[in-house]
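# Observations on chain architecture
Listed below are the residues making up each chain.
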Amino acid sequence: MRNDDDFMRVALALARQAELSGEVPVGAIVVKDGAIIGRGSNAPIIRQDPSAHAELLAMREAAQYMGNYRLVGCELFVTLEPCVMCVGAIFHARIARVVFGASDFKTGACGSVLNLFAEQRLNHHAEITAGVLAEECGQVLSNFFAARRAQKQASGSVK
């Protein structure tokens, strides 16, 4: 039986794949009854699609697997706290539980900036588990952005 750390490690591997493609390193998986049924890596640059976040790609794959856009009883594991767009999709998919690694203090919608899951006027509420392998998830992102800043400085595009 896998646990939250094991599933988050799979999401971290997907985040590293995104990084190799030049994308912000975020990875996500959807789990149903202990089995991975959807995987996603950030791909908005490659796909030229602002909605190609890891969470949405994982949920699309899971919906195809389930034959239904409702992902009732599923869990979403993602390396970075979901944004407002992704939380909206999570609501519509009826994901039962969201597990994330690093908090996002700029766009996080699960408690860091907003907590849409705590909004009682909304009709769906998932269980939230924050901070699973948070240090490792955060380090992947920190390293990516540090390398990007260094690259810009080396090319002279940052003062």
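Thresholds applied
- Residues numbered from 1 in each chain as written.
- Predicted model: local features only at pLDDT ≥ 70, side-chain atom pairs only at ≥ 80, totals over all residues.
- Heavy atoms only, no water.
- UniProt positions renumbered as here; feature names shortened; annotations may be inferred.
- Helix = DSSP H or I, 4+ residues; strand = E, 2+ residues; numbered from the N terminus.
- Rg over C-alpha atoms; globule rule 2.2 N^0.38 Å.
- Pairing = 2+ DSSP bridges.
- Axes fitted to C-alpha atoms, helices over the stretch in contact; angles between N-to-C directions.
- Contact = heavy atoms within 4.5 Å.
- Buried < 20%, exposed > 50% of the residue type's maximum accessible area, 1.4 Å probe, protein only.
- Core = buried A, V, L, I, M, F, W, Y, C linked by side-chain atoms within 4.5 Å.
- Patch = residues over 30% accessible without salt bridge, like charges linked within 9 Å, V, L, I, M, F, W, Y side chains within 5 Å.
- Areas by Shrake-Rupley, 256 points an atom, 1.4 Å probe, with all protein chains shown as cover.
- Salt bridge = Lys/Arg side-chain N within 4 Å of Asp/Glu carboxyl O.

In the nomenclature of an unreviewed UniProt entry, the protein is known as tRNA-specific adenosine deaminase of Candidatus Nitrotoga arctica. The UniProt entry for the protein carries the following text under Subunit (unreviewed entry): "Homodimer."

With that settled, the discussion passes to the overall build of the protein. Each helix and strand in the protein was counted, giving five helices and five strands. Walking the protein from its N terminus toward its C terminus, one meets helices and strands in the order α-β-β-α-α-β-α-β-β-α. Here the protein has a C-alpha radius of gyration of 16 Å; the compact-globule value for 159 residues is 15 Å, and the two agree. Dimensions of the protein, computed from C-alpha atoms along their principal axes, come out at roughly 50 × 30 × 30 Å.

Attention now goes to the sheet that holds strand β4 (residues 97–102). If you trace the five strands from one edge of the open sheet to the other, you get β2-β1-β3-β4-β5, paired in mixed fashion. Each edge of the open sheet carries a strand with a single partner, namely β2 (35–41) and β5 (127–130). Going across the sheet, the axis of each strand differs from the next one's by a mean of 15°, ignoring polarity. Bridge analysis of strand β1 (residues 27–32) against strand β3 (residues 74–80) gives five bridges, and the strand direction is antiparallel. Paired with I29 across the two strands is F77, which belongs to β3. Packed on one face of the sheet, helix α5 (residues 134–155) meets β3 and β4 and runs near 60° to β4.

Residues annotated by UniProt as "active site" (unreviewed entry) correspond here to E55. A relative accessible area of 4% means that E55 is categorised as buried. For E55, the residues in contact, after removing those within four places along its chain, are V26, A28, L76, V78, L80, P82, C83 and C86.

With that out of the way, let us pick up the nonpolar core. In terms of nonpolar packing, the biggest core is built from 44 residues, with M8, V30, M59, L71, I95 and F117 touching the most fellow members. Elements with a minimum of two residues in this core: α1 (4–20), β1, α3 (54–66), β3, α4 (84–93), β4 and α5. Aside from chain neighbours lying at most four places away, what touches M8 is F77, V78, T79, V99, F100, G101, V132, L133 and C137.

This paragraph deals with the UniProt feature "binding site: Zn(2+)" (unreviewed entry) in the protein. Mapped onto the present numbering, the UniProt feature "binding site: Zn(2+)" (unreviewed entry) falls at H53, C83 and C86. Considering the C-alpha atoms alone, the annotated residues occupy 34 residues of sequence yet fold into one spot, their largest mutual distance being 9.4 Å. Among the structural elements, H53 can be located in the loop between α2 (44–47) and α3. With residues near it in sequence (within four places) discarded, H53 still touches N42, C83, M85 and C86. For C86, the position within the fold is in helix α4.

To continue, consider a nonpolar patch on the surface. A contiguous nonpolar surface patch, about 240 Å² in accessible area, is contributed by V84, V113 and L114. Checked against the element boundaries, V113 lands in the loop between β4 and β5. The exposure class assigned to V113 is partly exposed, which follows from its relative accessible area of 46%.

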